[in-house]
Amino acid sequence: MPIQYPAVLDLKEEGRQFSWTERETMLYGLAIGMGGDPLDRRELPFVYEVGLLAVPTFAAVAAWGAGISPEQIGVDRGKTLHGEEGLIVHKPIPVQGRVVADSRVVAVYDKGKGKGAVIQRETVLRDPQTKEPLATLTRTAFARADGGFGGPTDSRTGNGGPARRPDLTIELQTRRDQALLYRLCGDRNPLHADPEVARAAGFEVPILHGLCTYGMACRAVMQAFCDYDPARIREFSVRFSAPVFPGDLLTVDLWREADDVWFEVGVRSRDVTVIRNGRAKLV
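Residues numbered from 1 in each chain as written. Predicted model: local features only at pLDDT ≥ 70, side-chain atom pairs only at ≥ 80, totals over all residues. Heavy atoms only, no water.

### Details of the pattern of salt bridges
Now for step 1: Considering all chains together, one arrives at 18 salt bridges under this definition.
Now for step 2: In this structure, E13 and R16 form a salt bridge, with 3.5 Å as the shortest nitrogen-oxygen distance.
Now for step 3: Of the residues examined, R16 reaches a relative accessible area of 33% and is grouped as partly exposed.
Now for step 4: A network of salt bridges, in which partner residues are shared, links E235, D260, R279 and K281. (Salt bridge = Lys/Arg side-chain N within 4 Å of Asp/Glu carboxyl O. Buried < 20%, exposed > 50% of the residue type's maximum accessible area, 1.4 Å probe, protein only.)

### Details of the layout of surface pockets
Now for step 1: Of the volumes computed, that of the largest pocket is approximately 1500 Å³.
Now for step 2: Lining the largest pocket are 47 residues, with T80, L81, H82, D187 and N189 positioned closest to its centre.
Now for step 3: The set of elements that each furnish at least two residues to the lining of the largest pocket consists of α3 (70–73), β2 (80–89), β4 (117–126), β5 (133–143), α6 (210–225) and β10 (272–282).
Now for step 4: Tallied by class, residues from the lining of the largest pocket come to 24 nonpolar, 16 polar and 7 charged.
Now for step 5: For the second largest pocket, the calculated volume is near 360 Å³.
Now for step 6: Around the second largest pocket sit 16 residues that line it, and E84, R156, N159, S237 and R239 are the ones nearest its centre.
Now for step 7: Here the residues of the lining of the second largest pocket sort into 2 nonpolar, 9 polar and 5 charged. (1 Å grid on protein atoms, 1.4 Å probe; cavity = no way out; pocket = protein on both sides within 12 Å on 5 of 7 lines; lining within 4 Å. Points joined across faces, edges and corners; volume = space filled by probe spheres on them. Helix = DSSP H or I, 4+ residues; strand = E, 2+ residues; numbered from the N terminus. Nonpolar A, V, L, I, M, F, W, Y, C, P; charged D, E, K, R; others polar.)

### Some remarks on the nonpolar core
Note that soluble globular proteins tend to have their nonpolar side chains buried in a common cluster.
Now for step 1: Ranked by internal contacts, the top residues of the largest apolar core, which has 63 residues, are I93, Y182, V221, F236 and F263.
Now for step 2: A total of 10 residues in this core trace back to one element, the largest contributor, which is α6.
Now for step 3: Filtering out sequence-adjacent residues up to four positions away, V221 remains in contact with C226, I233, F236, L254, V261, F263, A280 and L282.
Now for step 4: In terms of nonpolar packing, the next biggest core, distinct from the first, is built from 11 residues, I3, V105, I119 and A143 among them. (Core = buried A, V, L, I, M, F, W, Y, C linked by side-chain atoms within 4.5 Å. Contact = heavy atoms within 4.5 Å.)

### Observations regarding the side chain of H192
Now for step 1: As for its position among the elements, H192 is in the loop between α4 (178–182) and α5 (195–200).
Now for step 2: Within the structure, H192 has its side chain in polar contact with the backbone oxygen of I207 (distance 2.7 Å).
Now for step 3: Excluding anything up to four places from it in sequence, H192 contacts A179, L180, D187, P206, I207, L208 and H209. (Polar contact = N/O pair within 3.5 Å; in protein donor to acceptor, adjacent residues only side chain to side chain.)

### Let's talk about the pairing of strand β7 (residues 233–240)
The two faces of the sheet receive side chains in turn, since in a regular strand these alternate between them.
Now for step 1: Across 5 bridges, the pairing between β2 and β7 is antiparallel. The residue bridging E84 from the neighbouring strand is R239, located in β7. (Pairing = 2+ DSSP bridges.)

### Some points on the side chain of R183
Now for step 1: Assignment of secondary structure puts R183 in the loop between α4 and α5.
Now for step 2: The buried charged residue R183 lacks any salt bridge partner; its closest oppositely charged side chain belongs to D187, at an N-O distance of 7.2 Å.
Now for step 3: With sequence-adjacent residues up to four places away left out, R183 is seen in contact with R188, A193 and H209. (Lys, Arg positive; Asp, Glu negative; His and termini not counted.)

### Regarding the environment of V55
Now for step 1: Inspection of the secondary structure assignment puts V55 in the loop between α1 (22–31) and α2 (59–62).
Now for step 2: In this structure V55 comes out as buried when scored by relative accessible area, which is 2%.
Now for step 3: Between the C-alpha atoms of V55 and R104, which are 49 residues apart in sequence, the distance is 25 Å.
Now for step 4: Not counting the four nearest positions on each side in its chain, V55 is found in contact with Y28, I32, M34, F46, C218 and M222.

Given below as structure tokens:
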């Protein structure tokens with residue numbers, strides 16, 4: 001069934017409960033490459049229960065499964081790509097906790113018949129007792145097969161970084177088994193594990209989760225400008241532009257202007273940019 005506009009904007013899912021323990025927090029840290037050097041005292045707190053800290057982007061998996069599904073919206077899941085991811089951190093993410101997740105469809109844009117649709121969804125994670133927000137997640141998908149439903153066009157524009165050479169560049173090595181580890185954080189899509197599924201989707205090998213690259217970019221920002229203090233990050237958003245293959249060497253270019261950090265992530269060996277319009281807001 002095609003997207004029903006504007007009725008799709010009334011879709012909501014409220015009151016779903018989720019919880020996590022220190023184990024999930026440490027697993028996430030390992031899955032985005034923290035602790036690659038076990039003697040690095042700056043990264044150890046993200047993978048070791050003594051003085052444990054949560055990476056801000058852990059919020060993206062803390063309530064994995066929450067949200068309005070592609071089927072509810074009326075799009076073809078198999079032809080839908082993860083386009084953008086955004087995070088607002090209202091309070092530091094605890095290393096263990098419980099939340100209530102409230103989700104809704106924020107906007108749906110029509111790129112035209114044969115050109116696809118852009119779907120923006122929001123999930124707010126709240127304290128079960130006080131109802132105060134802990135984090136707001138915004139996830140944007142590009143449904144390649146679902147344009148032409150009569151909705152509004154997308155007038156948003158991307159916000160690129162400063163037009164100068166990067167202030168700092170950090171290299172992060174992904175592991176060949178990293179997708180197999182990261183999928184234990186929630187996303188069990190076989191595209192990231194099964195070579196046959198990957199080939200059927202047009203890839204030579206299973207690809208790394210976009211949200212894993214997202215977490216690694218957050219790690220780079222914390223390393224570059226936050227002295228590994230996760231409480232410094234208030235907002236974090238990206239636009240995904242190409243897949244990462246496990247084993248790729250990521251190059252993160254960063255620009256700092258006051259409390260804003262702009263960044264791009266690329267794989268130079270393949271001459272591709274995998275994250276564009278990256279932006280972190282620091283406090």
